[in-house]
Structures are given as C-alpha cells and as structure tokens.
Amino acid sequence: MSSVTGTVTIHQPLNYRAGARVQPADGGQAEDVYEPATGRVITKLLSSGEKEVDLAVQSAKAAFKIWSQMSGMERSRVLLEAARIIREQREEIATLETINNGKSIFEARVDIDISWQCLEYYAGLAGSLAGEHIQLPGGSFGYTRREPLGVCAGIGAWNYPFQVACWKAAPALACGNAMVFKPSPFTPLTVVRLAEIFTEAGVPKGLFNVVQGGAATGQFLCHHPDVAKISFTGSVPTGIKIMGMAAKGIKPVTLELGGKSPLIIFSDCALENAVNGALMANFLTQGEVCCNGTRVFVERKILDVFTKEVVKRTQKIKIGDPLLEDTRMGALINRPHLDRVQGFIKQAKEQGAEVLCGGDLYVPDDPKLKNGYYMQPCVLGNCTDDMTCVKEEIFGPVMSILPFDTEEEVVERANNTKFGLAGGVFTRDIQKAHRVVAALKAGMCFINNYNISPVELPFGGYKASGFGRENGRAAMEYYSQLKTVCVEMGDVESVF
Ligand SMILES: NC(=O)C1=CN([C@@H]2O[C@H](COP(=O)(O)OP(=O)(O)OC[C@H]3O[C@@H](n4cnc5c(N)ncnc54)[C@H](O)[C@@H]3O)[C@@H](O)[C@H]2O)C=CC1
Ligand SMILES: C[N+](C)(C)CCCC(=O)O
C-alpha cells in the first residue's frame, strides 16, 4: 500500500463473513468514508441490513461449535499466530489506520503494538481458564466450569478502530466465543484486516465476522436472538440505548463510555514529568480519547510555572500530515466533529475562559492537506468548575486548567462529575498519591504518569462511564459464564 497521504482508495468489500470479504446481502445506500488528513473520500461504505447481520451471526454460530470445543492451549496457539501476523504487518495496518483515522503514524504504530500484545496476553490466559473443585459431605463433590457465552457482539468507536476490536476479540476468542464486530462507520477499514488475519492464523471460518454501518446495523446486532453478549465502546447516550436493547434479551453488556477525567498536579511533583503527563493526558489522537485527563487541577503554588511550561510545550506540537514521521498531531475525525470541538472553545470564551494557546483551525502549507480537519491544540486558563468546557466531554485537543489549594478540596471537585472513567495524580509524596487515588471515583487511575496502556491492567469505568472491564485477567469474567456441577456419590434420600 502507498504510504503517501492523499493517494489510497479502497475498492474491496468491507464486510467479512465465513472467512471471506463479501458485499452485504442487503443494506442501505452507500456512505462516504473520508481521509481526515485531506477531506478526500477513500471509499464508499455499504451498510449491512438485517439479513446480512443474521448471516454473520449464523456464520459465527457455526464456527463457535468448533472453537468452543477446542482446548485453551489449542486456541492459544492460533491467537499467538494472529499476534505474530499483526507484528509482521504492523506498518501496513498502522498506515491504513492513519489514513482512515487521521492520527499520526507514530501513534498508530503504538496502537498496533498494543493490539498484538493484547492477543499475546489472552493467548497466555486461554490455557488457564478453569473452574474449582469443591468437596461435599459423604464423598460427594461439586465442580465449576468456565464456559464461553456464544456469539458476542462487539461495537466500536472510531478513535482506536483496530485496538478496540482487539481489546474485545482477544478475551472473547480466548474464552472460546465467536464474535460479530461492527466498527464505527467512520473507520471501517482496519477491522477487516483483523478478520483476515484471524483466518490466516487458523480460526474456524466465521469465528470473527465484520458487519458495517451505523445505528441501524448496531440495533440489528443487539436485538439478534442468537447474540449472547454485547461489548460496546462509544458515547454515553448510545450506551444507554445498548443497555436498553440488552435488557430486552437479558444479555450481559460491557460498556466503555465517555469521560471527563481529572488530573491532579500537586506542588511537590516532578514538574517536567507532570507537564509530560498533562500532554499525554490531553493530546493523544488529537484529544479524541475517552480516558483523557481534561480537567487539569494544579496546586495554586505552581500554577504559573506549570501553565507556562504546558503552554510552551503545547505550542511546539508538530501538527500536519499524519503519515510524516515527525508529525505528532494529525487531523480530527471529520468536519462535523471539528466544528463541534470549535463550538466548545467558542462557548468556553463566552463563559470567561482564557485561551492560553491554540484553539484555532490549522491550515497546513501542503496544498493537498488544505481540506483536512486540523486544529491547534488548545490550553484554557481561567476556568471554573461550572463551565461547559469543564463539565462536558469535548473529545478534542482541549485542556482546561483549574487551580486548587487543598487536597480535600481537589478530591471533592475531581469527583464532582457524572463520569468516572479515569483519573491521575502527580506528587512525590507516596502516602498522598495512594490516599488521593483511593478517594477518586474512577475505574482507571494513574500515579505519576497518564494514558499508558499495559494490556495486563484492567480498564473500564465507574458511574456514567460504564461497567465491565477490558484488558487484564478481569476481562475473562466478562466473556465467560460459570456452570456449577453437583455430583452425588451416595444414594438419593428422597423427601417424598
Ligand atoms: N471508554 C472507552 O473505552 C471509550 C469511549 N469512547 C467514547 O465514544 C464516544 C465517541 O465515539 P462515537 O463513535 O462518536 O460514539 P457513538 O456512541 O456515536 O458510536 C459508537 C458506536 O456505536 C454505534 N451506534 C450508534 N448508535 C447505535 C445504536 N442505536 N445501536 C447500536 N449501535 C449504535 C456507532 O455506529 C459506533 O459503532 C465518546 O463519548 C468517547 O468517550 C470512545 C473510545 C473509548
Ligand atoms: C490507549 N489509550 C489508553 C490511550 C486509550 C484507550 C481508550 C480509548 O479507546 O479511548
């Protein structure tokens, strides 16, 4: 594939069923898919209708019969092979991700690395999926079996298309399930590569299928009677709808939703690390990250020095063609989203926030990029807790700085949100660090770093940010169910 921005056009079918790319059997009209770096249409997406979704689920059901009967070690070998192929094709997958998502190639490579690491991690756990043996009176006993659920539905967001799919597929497949995955209609491309890789690695045909489209396709999938579980990554309003659909079928759900996470910088921090942490917490993937620490609380004693340094470093972020090696911020996902982020900045100014840097659209010199969706990363000062930019998830490169005076005060303000995905603290005082994260009502907390993703650690939210966990051992629980077997070794003493 060409690795030059503005040149790639995709003509292959984007559905994947029974081990092959296919055109959907039914569906709506074709939608444009854009290259955010140029604003160019790279492909037309045919959405999947009810019939196509059913065919994908039936194909998964057939593969489940074979896969679920294999031992964990057998499944492990296939997942390791898939991880190996991803490593081998790292550059090609990262390039396609960058073309479709707009993030820098530098970051896309990291995303692909986290993806194959996730497969390796669950390959390692597949062989240890086991139950317990429990002794009962008179030599009788019971035992438990951890069994797969069946066909799991995965529905993903557009910010980490390949990685989100791996975070769901790896534990699902390790536990013996099959999956039908629906990516965001903005980023339909790389997930189909993942499906091809699974087939090449040796999964039974139909074990991992891809259906394409937006809300309608997602609804067909969630309502399908043969779908046993739904794992969703996306916004809170859609999460509410997913849970409603799951309730109708009594299906377990995992919801990875939005956030407005706090990052607390105490005056006794290592300043350079804290500045680096604040940049990591706000500007990866153009700020389109659910767990971003966008409310940066800074102890007043170091407010000026911290702010000055953060602004200086933010102004140096190299924006532009995401496929260039030295670019660190690419383009936002699409025009409406860019407009939305701009709207938040305008409203912040109206409400009294001060733009300390950035916030404007960015027009690269390269003429082929002039219709891309770029903006300058923005730092807002003079913020207060009641401002919209401090309360709502912006999902763009916008950091709000909020001064504080005491630990007690900052913990209360940090928790004063409907969300609870993540949180972070920078301090050299270990007691304070652990005390503060213990008080944070958030599922993923960082001490003296932010937004790193070791796949060994469970990830997920509290409160409106959802429930269930991805990554870590914990995710195995969300893709399996427990069967108890009670064994009588004596005679039946009947009551009757
Ligand atoms: N906690 C986490 O791990 C993450 C959360 N997010 C959140 O996702 C949001 C941004 O992603 P978007 O794609 O804009 O979210 P979204 O909620 O609009 O869409 C997410 C997915 O759900 C599908 N969908 C939309 N309506 C549906 C319906 N009625 N039934 C079934 N499926 C439906 C979409 O087509 C897409 O695949 C942000 O709020 C962000 O915080 C994003 C990435 C990670
Ligand atoms: C990889 N990481 C930690 C930066 C973000 C993962 C959550 C998401 O999909 O937004």
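Residues numbered from 1 in each chain as written. Chains lettered and ligands numbered in written order. Predicted model: local features only at pLDDT ≥ 70, side-chain atom pairs only at ≥ 80, totals over all residues. Heavy atoms only, no water.

**What about the site of ligand 1?**
Next, step 1: What surrounds ligand 1 is a group of 29 residues, the closest being Gly156, Ser235, Thr238, Leu257 and Glu393.
Next, step 2: One of the backbone N or O atoms of Glu256 is found 3.4 Å from a nitrogen atom in ligand 1.
Next, step 3: Glu393 is positioned such that a nitrogen or oxygen atom in its side chain is 2.5 Å from an oxygen atom of ligand 1.
Next, step 4: When ligand 1 sits alone it has 850 Å² of accessible area, and the protein chains cover 88% of it.
Next, step 5: Of all the elements in the fold, those that place two or more residues in the shell around ligand 1 are helix 7 (215-223), strand 10 (227-233) and helix 8 (236-248).
Next, step 6: Examining the composition of the shell around ligand 1, we find that four residues originate from one element, helix 8, more than from any other.
Next, step 7: Residues belonging to the shell around ligand 1 are distributed by class as follows: 14 nonpolar, 11 polar and four charged. (Near = heavy atom within 4 Å. Polar contact = N/O pair within 3.5 Å; in protein donor to acceptor, adjacent residues only side chain to side chain. Areas by Shrake-Rupley, 256 points an atom, 1.4 Å probe, with all protein chains shown as cover. Helix = DSSP H or I, 4+ residues; strand = E, 2+ residues; numbered from the N terminus. Nonpolar A, V, L, I, M, F, W, Y, C, P; charged D, E, K, R; others polar.)

**Thoughts on helix 7**
Structural remark: α-helix, 3.6 residues per turn; residues separated by three or four positions point the same way.
Next, step 1: Where helix 7 is concerned, the buried positions are Thr217, Gly218, Leu221 and Cys222. End-on, the buried residues of helix 7 take up no more than an arc of 135°, which puts them together on one face.
Next, step 2: Residues of helix 7 that are buried make contact with helix 1 (50-67), strand 7 (151-155), strand 8 (178-182), strand 10 and helix 8. (Buried < 20%, exposed > 50% of the residue type's maximum accessible area, 1.4 Å probe, protein only. Arc of directions from axis to C-beta. Contact = heavy atoms within 4.5 Å.)

**Some words on the packing of helix 3 (residues 90-101) against helix 4 (residues 105-126)**
Next, step 1: The interhelical angle for the contact between helix 3 and helix 4, taken along N-to-C directions, is 125°, at an axis separation of 8 Å. Comparing their axes, helix 4 and helix 3 come out oblique. By crossing handedness, the relation of helix 3 to helix 4 is classed as right-handed. Judged by residue contacts, Arg90, Glu91, Ile93, Ala94, Thr95, Glu97 and Thr98 of helix 3 engage Ile105, Ala108, Arg109, Ile112 and Asp113 from helix 4.
Next, step 2: Here the residues of the contact of helix 3 with helix 4 sort into five nonpolar, two polar and five charged. (Axes fitted to C-alpha atoms, helices over the stretch in contact; angles between N-to-C directions. Parallel < 35°, antiparallel > 145°, perpendicular 65-115°, else oblique. Left-handed = near helix turned anticlockwise from the far one by under 90°.)

**Comments concerning the pairing of strand 3 (residues 30-35)**
Next, step 1: Note that strand 3 and strand 4 (residues 40-46) share six bridges and pair antiparallel. Note that in strand 4 the partner of Ala30 across the bridge is Leu46.
Next, step 2: Here strand 3 folds back onto strand 4 in antiparallel fashion, the turn holding four residues, of which Gly39 has a positive phi close to 75°. (Pairing = 2+ DSSP bridges.)

**Structural notes on the packing of aromatic side chains**
We describe a pair of aromatic rings using the distance from one ring centre to the other and the angle between the two ring planes.
Next, step 1: With the rule as written, the count across this model stands at seven aromatic pairs.
Next, step 2: Centroid distance Tyr121 to Tyr122: 5.0 Å. Interplanar angle 85°. Geometry classified as edge-to-face.
Next, step 3: Given the relative accessible area of 0%, Tyr122 is considered buried.
Next, step 4: One aromatic cluster is present, built from ring pairs that chain together Phe181, Phe198 and Phe208.
Next, step 5: In this structure, Arg87 packs its charged tip against the face of Trp116, placed 4.7 Å from the ring centre.
Next, step 6: Against the face of Tyr479 rests Lys229, its NZ or CZ located 4.7 Å from the ring centre. (Phe/Tyr/Trp six-rings, centres within 6.5 Å; stacked < 30°, edge-to-face > 60°. Lys NZ or Arg CZ within 6 Å of the ring centre and 35° of its normal.)

**Regarding the state of the cysteines**
Next, step 1: Enumeration according to the criterion identifies zero disulfides in this entry.
Next, step 2: In this structure Cys222 is a free cysteine whose sulfur lies 12 Å from that of Cys152, the closest cysteine sulfur available.
Next, step 3: Cys291 takes part in no disulfide bond, and the closest cysteine sulfur, belonging to Cys290, lies 4.3 Å away. (Disulfide = S-S within 2.5 Å.)

**Let's talk about the layout of surface pockets**
Over the atoms a probe the size of a water molecule is rolled, and this reveals where empty space is left.
Next, step 1: Volume-wise, the second largest pocket comes out at about 320 Å³.
Next, step 2: Lining the second largest pocket are 17 residues, with Ser68, Arg75, Arg145, Arg146 and Pro148 sitting closest to its centre.
Next, step 3: The set of elements that each furnish at least two residues to the lining of the second largest pocket consists of helix 2 (72-88) and strand 6 (141-148).
Next, step 4: Counting residues per element, the lining of the second largest pocket draws most heavily on strand 6, which supplies four residues.
Next, step 5: Its residues assigned to classes, the lining of the second largest pocket shows seven nonpolar, six polar and four charged. (1 Å grid on protein atoms, 1.4 Å probe; cavity = no way out; pocket = protein on both sides within 12 Å on 5 of 7 lines; lining within 4 Å. Points joined across faces, edges and corners; volume = space filled by probe spheres on them.)

**Describing the confidence of the model for the protein**
Note that predicted coordinates carrying low pLDDT should not be read in detail.
Next, step 1: Summary statistics for the protein give a mean pLDDT of 98 and a share of 100% for residues scoring 70 or more.
Next, step 2: With a pTM of 0.97, the predicted complex shows an ipTM of 0.93. (pLDDT = per-residue confidence, 0-100.)

**Digging into the UniProt feature "active site" (unreviewed entry) in the protein**
Next, step 1: Under the present numbering, the feature "active site" (unreviewed entry) in UniProt falls on Glu256.
Next, step 2: Mapped onto the elements, Glu256 comes out in strand 11 (residues 253-256).
Next, step 3: Since its relative accessible area comes to 4%, Glu256 is described here as buried.
Next, step 4: Look past the residues within four positions of Glu256 in its chain and what remains in contact with it is Phe232, Thr233, Gly234, Leu421, Phe459, Gly460, Gly461, Ser465, Gly468, Arg469 and Glu470. (UniProt positions renumbered as here; feature names shortened; annotations may be inferred.)

**Observations regarding the environment of Ile447**
Next, step 1: Relative to the elements of secondary structure, Ile447 occurs in strand 18 (residues 444-447).
Next, step 2: Residues Ile447 and Thr187, 260 residues apart in the sequence, show an inter-C-alpha distance of 32 Å.
Next, step 3: Not counting residues within four places of it along the chain, the set of residues in contact with Ile447 comprises Val425, Ala433, His434 and Val437.

**Here's the deal with the site of ligand 2**
Next, step 1: Taken together, Asn159, Tyr160, Gln163, Trp167, Val289, Cys290, Cys291, Asn451, Ser453 and Phe459 make up all the residues around ligand 2.
Next, step 2: One nitrogen or oxygen atom from the side chain of Asn159 is found 3.1 Å from an oxygen atom belonging to ligand 2.
Next, step 3: A distance of 3.2 Å is found between an oxygen atom of ligand 2 and a backbone nitrogen or oxygen belonging to Cys290.
Next, step 4: Here the residues of the shell around ligand 2 sort into six nonpolar, four polar and no charged.

**Describing the sheet that holds strand 13 (residues 295-299)**
Next, step 1: The strand order across the open sheet formed by seven strands is 14-15-16-13-12-17-18, and the pairing between neighbours is mixed. A single partner strand is all that each edge strand has here, and the edge strands are strand 14 (354-357) and strand 18. Each strand of the sheet is rotated relative to its neighbour by a mean of 25°, with strand direction disregarded.
Next, step 2: In the sheet, strand 14 pairs with strand 15 (residues 378-381) via three bridges, with the strands oriented antiparallel. Across the sheet, Glu354 pairs through a bridge with Gly381, a residue of strand 15.

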